[in-house]
Amino acid sequence: MKDHETAESGYGLPACPEAAVELRDRVAEFVRARVMPCEAVLDAGGTAARTALARLQDEARAAGLWALPLPRELGGQGVPLSVHAHLAEAEGASDHGPAALGSAPLLDVLMLQRHASPAVRERHLRRITAGGLRTCYAMTDPDSPGTDPATTTTRAVRGEDGRWTLHGRKWFTTGAGDADLVTVMARTSGRAPDTDGLSLLLVPTSAPGFRVVRELPVLGAGGQWEIELDGVTVPADHVVGAPGQALRIAGERLRLGRLLRCLRWLGQAARAYELMCARARSRTQAAGPLADRQLVQQLVFDSLLAIRTTRPLVHEAVARLDAGQDARIETGLAKVAAARMLQQVTDAAVQVHGAAGLGPDTPLPALFRAGRTARLLDGPDELHIAAVARRVLR
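Residues numbered from 1 in each chain as written. Predicted model: local features only at pLDDT ≥ 70, side-chain atom pairs only at ≥ 80, totals over all residues. Heavy atoms only, no water.

### With respect to the pattern of salt bridges
Side chains bearing opposite charge may pair, as long as their charged atoms lie close to each other.
Step number 1: Under the definition given, this model contains 24 salt bridges.
Step number 2: The salt bridge involving glutamate 89 is made with arginine 311; its shortest N-O contact spans 2.7 Å. Taken together, the positions of glutamate 89 in helix H5 (residues 81–91) and arginine 311 in helix H10 (residues 294–322) put the pair 222 residues apart, joining distant regions of the chain. Neither glutamate 89 nor arginine 311 differs from the other in exposure class; each is buried.
Step number 3: A single network of salt bridges, built from pairs that share partners, joins Arg169, Arg211, Arg214, Glu226 and Glu228. (Salt bridge = Lys/Arg side-chain N within 4 Å of Asp/Glu carboxyl O. Helix = DSSP H or I, 4+ residues; strand = E, 2+ residues; numbered from the N terminus. Buried < 20%, exposed > 50% of the residue type's maximum accessible area, 1.4 Å probe, protein only.)

### Some remarks on the environment of phenylalanine 172
Step number 1: Positionally, phenylalanine 172 belongs in strand E3 (residues 164–174).
Step number 2: C-alpha separation for the pair phenylalanine 172 and leucine 125, spaced 47 residues apart in sequence, amounts to 24 Å.
Step number 3: Every residue in contact with phenylalanine 172, bar those within four places of it in the chain, is listed here: Leu216, Val218, Gln224 and Trp225. (Contact = heavy atoms within 4.5 Å.)

### So, the pairing of strand E5 (residues 198–204)
Step number 1: Among the seven residues in E5, six count as buried, and that is most of the element.
Step number 2: The pairing of strand E4 (residues 181–187) with E5 spans seven bridges and is antiparallel. Residue pairing across strands places leucine 181 opposite proline 204, the latter belonging to E5.
Step number 3: With two bridges connecting them, E5 and strand E8 (residues 239–240) associate as antiparallel partners. Across the sheet, residue leucine 200 finds its bridge partner in E8, namely valine 240. (Pairing = 2+ DSSP bridges.)

### Concerning the packing of helix H9 (residues 246–282) against H10
Step number 1: Across the interface, H9 lies against H10 with an axial gap of 10 Å and an inter-helix angle of 160 degrees. If you check the angle between H9 and H10, you find them roughly antiparallel. Two packed elements cross with a definite hand, and for H9 against H10 that hand is left-handed.
Step number 2: A breakdown of the residues in the contact of H9 with H10 according to their chemical character gives 20 nonpolar, three polar and two charged. (Axes fitted to C-alpha atoms, helices over the stretch in contact; angles between N-to-C directions. Parallel < 35°, antiparallel > 145°, perpendicular 65-115°, else oblique. Left-handed = near helix turned anticlockwise from the far one by under 90°. Nonpolar A, V, L, I, M, F, W, Y, C, P; charged D, E, K, R; others polar.)

### Focus: the pairing of strand E7 (residues 224–234)
Residues in a regular strand point their side chains to alternate faces of the sheet.
Step number 1: Across the 11 residues that make up E7, a large majority, eight, are buried.
Step number 2: Here nine bridges tie E3 to E7, and the two strands are oriented antiparallel to one another. By the bridge assignment, leucine 166 is partnered in E7 with valine 232.
Step number 3: Sheet topology note: the strand E6 (residues 210–215)/E7 ladder contains five bridges and is antiparallel. The partner of arginine 214 across the bridge, within E7, is glutamate 226.

### Digging into the side chain of threonine 188
Step number 1: Tracing the backbone shows threonine 188 in the loop between E4 and E5.
Step number 2: A distance of 2.7 Å separates polar atoms of two side chains, one belonging to threonine 188 and the other to serine 199. (Polar contact = N/O pair within 3.5 Å; in protein donor to acceptor, adjacent residues only side chain to side chain.)

### Points about helix H7 (residues 106–115)
Step number 1: Burial runs high along H7: seven of the 10 residues are buried.
Step number 2: Every buried residue of H7 is accounted for by Leu106, Asp108, Val109, Leu110, Met111, Leu112 and His115.

### Some words on the packing of aromatic side chains
Step number 1: Counting across every chain of the model gives one aromatic pair.
Step number 2: On the basis of an interplanar angle of 65 degrees and a centroid distance of 4.9 Å, the ring pair of tryptophan 171 and phenylalanine 172 is categorised as edge-to-face.
Step number 3: The class for phenylalanine 172 is partly exposed, based on a relative accessible area of 43%.
Step number 4: Above the plane of the ring of tryptophan 66 lies arginine 61, whose end atom (NZ or CZ) is 4.1 Å from the centre.
Step number 5: Sitting above the plane of the tyrosine 137 ring, arginine 253 keeps its charged end 3.9 Å from the centroid. (Phe/Tyr/Trp six-rings, centres within 6.5 Å; stacked < 30°, edge-to-face > 60°. Lys NZ or Arg CZ within 6 Å of the ring centre and 35° of its normal.)

### Considering unusual backbone geometry
Step number 1: The amide bond that connects alanine 192 to the next residue, proline 193, takes the cis arrangement and shows omega of 5 degrees.
Step number 2: Despite not being glycine, alanine 67 has its phi angle at roughly 50 degrees, a positive value.
Step number 3: On the basis of relative accessible area, alanine 67 is assigned to the buried category, the value being 0%.
Step number 4: Of note, leucine 219 is a non-glycine position whose phi angle comes to about 50 degrees, a positive value.
Step number 5: For leucine 219, the location among the structural elements is in the loop between E6 and E7.

### A word on helix H12 (residues 364–374)
Each turn of an α-helix holds 3.6 residues, which means side chains three or four residues apart point in the same direction.
Step number 1: Residues Leu364, Leu367, Ala370, Gly371, Thr373 and Ala374 constitute the buried set of H12.
Step number 2: The inward-facing, buried residues of H12 abut H9, helix H11 (328–353) and helix H13 (381–393).

### Brief notes about the side chain of glutamate 228
Step number 1: Examined against the element boundaries, glutamate 228 turns out to sit in strand E7.
Step number 2: Overall, glutamate 228 belongs to the buried group, its relative accessible area being 17%.
Step number 3: Not counting residues within four places of it along the chain, the set of residues in contact with glutamate 228 comprises Gly168, Arg169, Gly209, Phe210, Arg211 and Val213.

Set out below in structure tokens:
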């Protein structure tokens with residue numbers, strides 16, 4: 001471990017339960033030694049990426065690190081949220097960490113476990129947990145703002161036989177290119193701005209009428225997709241929850257999902273910070289090492305301050321959610337702080353690297369891209385700022 005890593009003592013990480021320290025360190029080492037060297041192949045997609053990911057998943061199983069936070073009764077290891085919060089930072093240092101370690105479908109598994117029909121739970125949940133089925137979640141229509149789901153135009157109509165037929169398009173659907181099942185938000189009754197007529201339906205991507213329209217590069221990177229549902233029909237028991245309950249279930253999902261993202265952003269920021277410190281200490285110019293320059297020292301200080309002040313906000317929100325308390329204010333604060341922090345730290349790391357920080361020889365372009373997109377994912381910062389302010393002022 002480098003001197004600055006020892007000195008930072010986990011960059012202000014709240015105390016990890018003693019029994020989980022070894023597990024956290026094993027996850028961090030797996031991501032560092034196994035996942036990060038494969039990032040270029042995984043980023044490129046295609047057959048080579050699928051092969052590499054399958055190999056990493058087998059290695060995670062062999063190491064006893066597979067599906068750590070997923071329910072034990074479904075084949076996971078049942079690690080509680082209070083512990084997984086520490087693991088999520090370690091695995092999130094790479095965008096591919098959650099998929100390699102089998103924790104990526106956590107939100108889908110919990111949603112289906114709580115709200116899907118018995119037949120769907122029996123048919124799919126163990127296979128999802130084992131990695132045999134890939135899932136994704138489609139909420140936003142191309143012509144509707146994601147912050148206002150009441151404007152959803154994708155529709156599902158129930159026939160006399162009870163089956164549902166879907167028509168519409170969704171975009172910015174993570175992982176849809178390789179998914180086997182997609183949960184789709186659709187209007188099943190009423191019209192905008194009615195929110196009671198929105199439902200969630202589980203759609204097999206092999207169903208006739210399902211089509212991947214295109215991949216949507218995000219600042220040059222893949223992984224997001226636009227899909228079309230042209231008369232896709234699913235059985236009556238593929239409604240997730242009761243018809244009309246989409247927003248309640250989606251809100252439940254988002255509360256945990258936003259915090260998992262924040263934890264992963266902390267892991268990515270710590271990675272960028274380590275790269276910046278290493279560069280400052282190793283890069284020497286005529287006047288000496290970059291680490292002796294006050295402007296570089298300022299970037300290091302400001303980055304560490306951002307990480308240290310953000311981490312407690314995120315873990316406070318996790319603790320409240322885990323305790324069943326109202327965490328809406330804490331989650332809003334954490335989401336905005338973490339997004340800003342990641343963009344600030346990755347920008348500083350690029351600056352210290354100079355031109356090398358813009359090229360393909362470091363992960364900084366991908367980390368910087370993650371920092372910019374963070375301010376839009378799971379609701380733009382402005383949405384959370386306004387929501388928190390209104391709640392506080394009331």
